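What the coordinates show
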Amino acid sequence: MAATLAVAGYVIMIVPILFVVATSFTGGSTLRFPPEGLSLRWFDAAVHHTPFITAMVSSLQLAALATVLALLLGIPATLAIHRGRLPGKGLVEGLFLSPLIVPELVVGLALFQQLMIGLRLDNFTVLLIGHTVLMLPYAVRVTGASLALADPFVEEAARGLGASPLRAFFTVTLPLLRPGIFSAALLSFVTSFNNVPLSLLLQSRDFRTLPVTMLDYVQQSYDPMVAATSTIILAGTVLVAVVAERTVGFARIFGGINR
């Protein structure tokens, strides 16, 4: 029964993606399956469509900044939760993980009311704060999994041999956390890049992300250029994931999450 449900789940997730990929290679002028012949014309159109290129650059900038900020906040929080004498560790960890269960539209509306209307911050700053908040669970949870796999006695040995807390962190703790940091950064970047609900609510006319721009395009046009763009993004994501698996190993890192 479990195997049947697993297969059904994979089919439900993968088959629509295959339809999109197949449609992107069509030679026709509309989104339809099966495709009308094979052609790369829509890939050429996608990489030369200025609104998509501009939005992609914006999405890359936003995702990179949000990932860096989330790691700068999440790594010290992880160390405090797993290695420090922090009162109410479970409550603090739950607070950092709460963006996973709070609907993104609720987070976006709260940021809109409190920061944009209340404090009059600009759209990009609020959008960056929102994406950083959404990325914090990945930074805390994944780096925490990596820290759980590390032997705490190694850090204690470094301190016992005379290393200062700062030197012990950079020479012992940080190398132990490196796989988790890399995995958390990858997950955060991909999640931020593909975010729609929060970006749709907080972005401005001057700064638009690629997923929202693609959504707007679909509402106005029915040609396969969006399918071609989606296929390019999918191929890039898969390539990054394969490289990360070969260099870091997701199974090893995520195995520590259950500890």
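Computed from a predicted structure; not experimentally measured.

In this section: the overall build of the protein. Per the secondary structure count, the protein includes 12 helices and 0 strands. Helices (α) and strands (β) of the protein occur, in sequence order from the N terminus, as α-α-α-α-α-α-α-α-α-α-α-α. Burial status across the protein gives 35% buried among its 259 residues. Total accessible area computed for the protein in this model is approximately 14,600 Å², and 70% of it derives from carbon and sulfur atoms.

Relative to the helices and strands, Thr78 is located in helix α3 (residues 50-82). On the basis of relative accessibility, which here comes to 1%, the residue Thr78 falls in the buried class. Among the polar contacts listed, one links the side chain of Thr78 to the side chain of Thr143, at a separation of 3.0 Å. Beyond its immediate stretch of four places on either side in the chain, Thr78 contacts Arg83, Ala139, Val140, Thr143, Gly144 and Leu147.

Looking at the secondary structure, you find Thr67 in helix α3. The class for Thr67 is buried, based on a relative accessible area of 7%. For Thr67, the contacting residues outside a window of four places in its chain are Ala185, Ser188 and Phe189.

As a further point, take the nonpolar core. If you look at soluble globular proteins, the nonpolar side chains tend to sit buried side by side. By size, the foremost hydrophobic cluster in this structure holds 25 residues, and its most contacted members are Leu71, Ile75, Leu111, Val126, Leu177 and Leu202. Secondary-structure elements contributing two or more residues to this core are α3, α5 (104-118), α6 (123-149), α8 (165-193) and α9 (197-202). Per-element accounting of this core gives the leading share, 9 residues, to α6. Ignoring sequence-local partners within four residues, the contact set of Ile75 consists of Thr143, Leu177 and Ile181. Judged by nonpolar contacts, the second largest core, of 14 residues, contains Phe43, Ala55, Ala63 and Ala228.

The next point concerns the pattern of salt bridges. Scanning the entire structure with this criterion turns up 1 salt bridge. Of the charged contacts, one joins Arg208 and Asp216 as a salt bridge, the two residues approaching to 2.0 Å between their closest N and O atoms.

This part covers the UniProt feature "transmembrane region" (unreviewed entry) in the protein. Under the local residue numbering, the UniProt record ascribes the feature "transmembrane region" (unreviewed entry) to residues 6-31, 52-75, 95-112, 124-140 and 224-244. In the segment residues 6-31, helix accounts for 73% and strand for 0%; the C-alpha atoms at its two ends are 30 Å apart. Counted over residues 224-244, helix gives 95% and strand 0%. Its end C-alpha atoms are 30 Å apart.

What follows concerns a nonpolar patch on the surface. Taken together, Val7, Val11, Val15, Phe19 and Phe33 make up a surface patch of nonpolar side chains, about 430 Å² in accessible area. Mapped onto the fold, Val15 is located in helix α1 (residues 2-24). For Val15, a relative accessible area of 32% gives the class partly exposed.

Further remarks concern the packing of α3 against helix α10 (residues 210-220). One can describe the packing of α3 onto α10 by two numbers: an axis separation of 8 Å at closest approach and a directional angle of 150 degrees. In terms of axis orientation, α3 runs roughly antiparallel to α10. Every residue of α10 that contacts α3 at Pro51, Phe52, Ala55, Met56 and Ser59 is listed here: Leu210, Pro211, Thr213, Met214 and Tyr217. Per-class residue counts for the contact of α3 with α10 are 8 nonpolar, 2 polar and no charged.

Rules behind the numbers
Residues numbered from 1 in each chain as written. Predicted model: local features only at pLDDT ≥ 70, side-chain atom pairs only at ≥ 80, totals over all residues. Heavy atoms only, no water. Helix = DSSP H or I, 4+ residues; strand = E, 2+ residues; numbered from the N terminus. Buried < 20%, exposed > 50% of the residue type's maximum accessible area, 1.4 Å probe, protein only. Areas by Shrake-Rupley, 256 points an atom, 1.4 Å probe, with all protein chains shown as cover. Polar contact = N/O pair within 3.5 Å; in protein donor to acceptor, adjacent residues only side chain to side chain. Contact = heavy atoms within 4.5 Å. Core = buried A, V, L, I, M, F, W, Y, C linked by side-chain atoms within 4.5 Å. Salt bridge = Lys/Arg side-chain N within 4 Å of Asp/Glu carboxyl O. UniProt positions renumbered as here; feature names shortened; annotations may be inferred. Patch = residues over 30% accessible without salt bridge, like charges linked within 9 Å, V, L, I, M, F, W, Y side chains within 5 Å. Axes fitted to C-alpha atoms, helices over the stretch in contact; angles between N-to-C directions. Parallel < 35°, antiparallel > 145°, perpendicular 65-115°, else oblique. Nonpolar A, V, L, I, M, F, W, Y, C, P; charged D, E, K, R; others polar.

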